[in-house]
Amino acid sequence: MLNTKQLLEAKIVLKIFCQQHPMDPESWFMLGALHGEFGEYADAEQCCIKASNIRHVLAPIYYNMGIS
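Residues numbered from 1 in each chain as written. Predicted model: local features only at pLDDT ≥ 70, side-chain atom pairs only at ≥ 80, totals over all residues. Heavy atoms only, no water.

## Regarding the environment of E40
Turning to its location among the elements, E40 is positioned in the loop between α2 (25–37) and α3 (41–54). Residue E40 is classed as partly exposed on the basis of its relative accessible area, which comes to 26%. (Helix = DSSP H or I, 4+ residues; strand = E, 2+ residues; numbered from the N terminus. Buried < 20%, exposed > 50% of the residue type's maximum accessible area, 1.4 Å probe, protein only.)

## With respect to a nonpolar patch on the surface
Together, L8, I12 and I16 give the surface a local cluster of nonpolar side chains, amounting to about 250 Å² of exposed area. With respect to the element layout, L8 can be found in helix α1 (residues 4–20). On the basis of relative accessibility, which here comes to 40%, the residue L8 falls in the partly exposed class. (Patch = residues over 30% accessible without salt bridge, like charges linked within 9 Å, V, L, I, M, F, W, Y side chains within 5 Å. Areas by Shrake-Rupley, 256 points an atom, 1.4 Å probe, with all protein chains shown as cover. Salt bridge = Lys/Arg side-chain N within 4 Å of Asp/Glu carboxyl O.)

## A word on the environment of K15
Residue placement: K15 occurs in helix α1. Assessed through its relative accessible area of 39%, K15 is described here as partly exposed. Expressed as a C-alpha distance, the spacing of K15 and M30, which sit 15 residues apart in the sequence, is 9.9 Å. K15 has contacts with L31 and H35, leaving out every residue within four places of it along the chain. (Contact = heavy atoms within 4.5 Å.)

## Points about the confidence of the model for the chain
Keep in mind that low pLDDT regions are not for reading the predicted coordinates in detail. On average, the chain scores 87 in pLDDT, and the residues at 70 or more come to 82%. Confidence, expressed as mean pLDDT per element, reaches its minimum in the chain at helix α4 (residues 59–67) with 61 and its maximum at α1 with 96. (pLDDT = per-residue confidence, 0-100.)

Written out as structure tokens, the structure is:
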């Protein structure tokens, strides 16, 4: 299990990665999941929407949007 500091570091790295690779839906999905872990539900939803717009058939996106 990752601690809060590790999750925050992962979120920072993923934000940078998503900026550099904006068409990678899995990265947006993971960034959204991390936003959700921190209770940042609006940001989580936006990341899931971006991932969904890139690849419409990524079922975990819809699951995460449903629980956010």
